[in-house]
Each structure stands twice: as structure tokens, then as C-alpha cells.
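Structural characterization, general
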Amino acid sequence: MATPLSQTKNSARSATERASLSATETTTLRHDWQRAEIQALLERPFNDLLFQAQGVHRRHFDPNAVQISTLLSIKTGACPEDCKYCPQSGHYNTGLEREKLLQVEAVLEEARKARAVGASRFCMGAAWKHPSARDMPYVLEMVRGVRAMGLETCMTLGMLSREQAEQLGEAGLDYYNHNLDTSPEYYGEIITTRTYADRLETLDHVRQSGMKICSGGILGMGESVSDRAGLLQQLANLPEHPESVPINMLIRIQGTPLEHVEDLDPIDFIRTIAVARILMPRSHVRLAAGRELMSDETQALAFLAGANSIFYGERLLTADNPQASHDQRLFERLGLHPERREDVDDSAHEAALRERVARARLDAMVTDATARA
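Just so we're clear, the structure is a prediction, and the values are computed from it rather than from any experiment.

As for the overall build of the protein chain
Regarding its fold elements, the protein chain presents 13 helices and 12 strands. Here the protein chain holds 373 residues, and 53% of them are scored as buried. In the protein chain, 75% of the contacts between residues at least 6 apart in sequence involve partners at least 24 apart. Of the accessible surface of the protein chain, which amounts to about 17,600 Å², a share of 51% is contributed by carbon and sulfur atoms.

Concerning helix α3 (residues 46-60)
The terminal C-alpha atoms of α3 lie 22 Å apart, and with 15 residues this matches the ideal 21 Å at 1.5 Å per residue to within 8%. Within the span of α3, buried status applies to L49, L50, Q52, A53, Q54, V56 and H57.

A few points about the pairing of strand β2 (residues 121-126)
Counting buried positions over the six residues of β2 gives six, a clear majority of the element. Every second residue of β2 is oriented toward a common face, with R121, C123 and G125 on one face and F122, M124 and A126 on the other, all of them buried. In the sheet, strand β1 (residues 65-75) pairs with β2 via six bridges, with the strands oriented parallel. From the neighbouring strand, S69 faces β2, where its bridge partner is R121. Judged from the five bridges that link them, β2 and strand β3 (residues 152-156) form a sheet pairing that is parallel.

What to know about the nonpolar core
I74, Y85, M155, L168 and F269 are the most contacted members of the largest nonpolar core, which has 88 residues in total. Here the element with the most residues in this core is helix α10 (residues 266-279); it accounts for eight residues.

Details of the confidence of the model for the protein chain
Here the protein chain averages 82 in pLDDT, and 77% of its residues register 70 or above. For the stretch residues 1-13, pLDDT sits under 50, and the model shows one contact to residues farther than four places along the chain or on other chains. Across residues 314-321, where pLDDT falls below 50, the model places 28 contacts with residues more than four positions away in sequence or in other chains.

A closer look at unusual backbone geometry
For residues besides glycine, phi is generally negative; the peptide bonds are generally trans as well. The residue D181 is not glycine, and still its phi comes out positive at about 75°. Along the chain, the position of D181 falls in the loop between β4 (175-177) and α7 (184-187).

Side note on the pairing of β3
In terms of burial, β3 is a largely internal element, five of the five residues being buried. Side chains E152, C154 and T156 project from β3 onto one buried face, and the interleaved T153 and M155 project onto a second face that is buried too. Tracing the backbone out of β2, into helix α5 (residues 136-148) and back to the parallel element β3 gives a crossover that is right-handed. Sheet topology places β3 next to β4; two bridges connect them, and they run parallel. Bridge pairing in β4 places C154 opposite Y175. The handedness of the β3 to β4 crossover, carried by helix α6 (residues 162-171), is right-handed.

The rules we used
- Residues numbered from 1 in each chain as written.
- Predicted model: local features only at pLDDT ≥ 70, side-chain atom pairs only at ≥ 80, totals over all residues.
- Heavy atoms only, no water.
- Helix = DSSP H or I, 4+ residues; strand = E, 2+ residues; numbered from the N terminus.
- Buried < 20%, exposed > 50% of the residue type's maximum accessible area, 1.4 Å probe, protein only.
- Contact = heavy atoms within 4.5 Å.
- Areas by Shrake-Rupley, 256 points an atom, 1.4 Å probe, with all protein chains shown as cover.
- Expected span 1.5 Å × (residues − 1).
- Pairing = 2+ DSSP bridges.
- Core = buried A, V, L, I, M, F, W, Y, C linked by side-chain atoms within 4.5 Å.
- pLDDT = per-residue confidence, 0-100.
- Right-handed = clockwise from strand over helix to strand, strands pointing away.

Structure (C-alpha cells):
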């Protein structure tokens, strides 16, 4: 027997209302979101969704402040991963030139330029499956040098072992970026050279080392609304929410398997920004790759929906980004201003290091006790 249309509408409305209630009236951060709740939020009337997201945003942030980051590719091309969206993958012919790891001083000079134009965080990305033992000393020196300038530091280097995460934490790295990209169910359609579990394990190593997490995903890869809900569910249900959540719009690169995928509806992109803000109210939600494809009006809606972080500059690893002068004009038109950078707090890194030492001693005691038994 068919379900009456009125009953179906009432059921959908009740799911939406439950999602709205749980998001706005709960005083504690949630880590138990159900897929149906998140999808109901994604499907709310657009005006209601943005009103709710803006309210959440205002309770936790200055609504007119935007955190500014600059991103530099410190090693480009020839990545062994097969991510179908990425021009740096060695599996595809995209015309990208392979480059070696940049010299430390060259990276530090770019960081000085970023600081001069108002960036508060300097992000460094390398096209690796994971960093090698040979390259780690140079990477650690980059972290120390950038941090000495008073900038926050962020890196994305692929998968990390626990030891590598600890080395980066001890060097003073503030953030580590490792995106989940999409839902667990759709992930295999995009990447086969590393698993979803691999990505979650790296995030755990990062968190245990005392660093902050930058993790988000990419929209417009042919995924469903349910997949977008699944991505947000994974991020929001981590033991601690990522401090930074980049939401990327796919840049279709000639030579990659996704070069002919259908364009993403900008309204769907804004919906995802808004729901990310509701689920992770204290996280910075970042407009990342794809901003050069967005009109000023789309970006304005994204800020209204709760986005409060951008990459600033003319390049994003290998992709174009809106020019700095255009961003300045847009900020002026919208009455936005750069978020003031919090002082880098060495005590957090020191506390994490003490905790690791104590944990190692405890593990050794347990091992010794087992051996004696």
C-alpha cells in the first residue's frame, strides 16, 4: 500500500525538525550524528538552513572575521597515489612538471612574503604517499623556520606513521592537513592506493601527537547527497572535531578521470558549508580549492553560511586561486576583515610531549610486567 503524500511530507518534516532541534538547542558538542539527520539538514529550505547556520556561527565567531592562510607546494608532481581528481598523480598525464623538494630557504622566503600580505597561517604541501626518512629533516627545518616568524604552521605530506607525527609535533607544527575527501561508501570510486582506514589512522596519529587537525573533503566528484552527508558524518563524529574543515569544490583538470564530471550546483556547495558549520560549530570552515570558479555572490553566501577561512594568494598547490587584490576588494565590499592570529602556544606542544613520554613509560612498565609473568 502506498504511503500517503501528506504522511511522507510530515515524516520528512519531522526528521528536519529533529535535526534542527539537536543542532540549535544542544549545549554540548555532538559526536554521534546519524546520516539521516545530516541529510535532513542538507535538504532543509535554503533560507532556514542559512539562518540556522548563521546563528551557530555568531555564537562562536566574529561573523565578519576570516582566517587567512597561504599554501605553498614544497614538492610537486609524480605522486604514487591514484586520486582521480589530482593533477599531481603519477598515474595521469596532465602536463604537470615533476619538481624536487624545495630548498628550506626558498620555503622560508615564501613564508615571509605571506606574512607581509597578512597571512596568519602558512601551509606547505608535498605530493607524497608519505614522507621519506631522507626528506623528514628538511621538512622539520621548514616547520621550525616558519614558526619562528610568528606564523602558524600547517603541512600536508600524505600518510604519517606515529613516529613521524611525533617528530612534526615536537618541531612545533600547529596543523596537519589530511582530507577524507568523500564518504566511506564512495571513496573507492575515487582512490584505490590507500584506504579510508589509512586516512583515519593518520588523523589519529596527528591528534595523539598534540597537533591540530585540518580535514575536510571535495564536492563535485559525482557523489550523491548521501555521500556528502557521509563525509560530514565522519568528520563530525571524530573524537574531537577538526579545528579546520576545508570544503573544496572540484577543479576539473584535463587528463584526470574526473575532467568531464558534471558541474556542481553552487547552491549545493553552500548547503554543505552551512551544514558543516552546524555540525562543527567551533571549527574554522574553509573555502579551499575551487574559489576561482565561484562568483563573488557565491562566496558571499558561503561566508553567510558560516565559512570563515580562505586560502589567500594566486596559487593553490597547482591550481589558480583568486588574485590577492580581488580578495581585498571583495572583503571591502562585504565588510570582512582578517581574523587576528592567536599567539602560538608552546605549552600545548610541551604538554603533548610530556603526555607521550608518560605513555611510553607506562607501556614499558606493562611490557616488562608481561614479560616477567
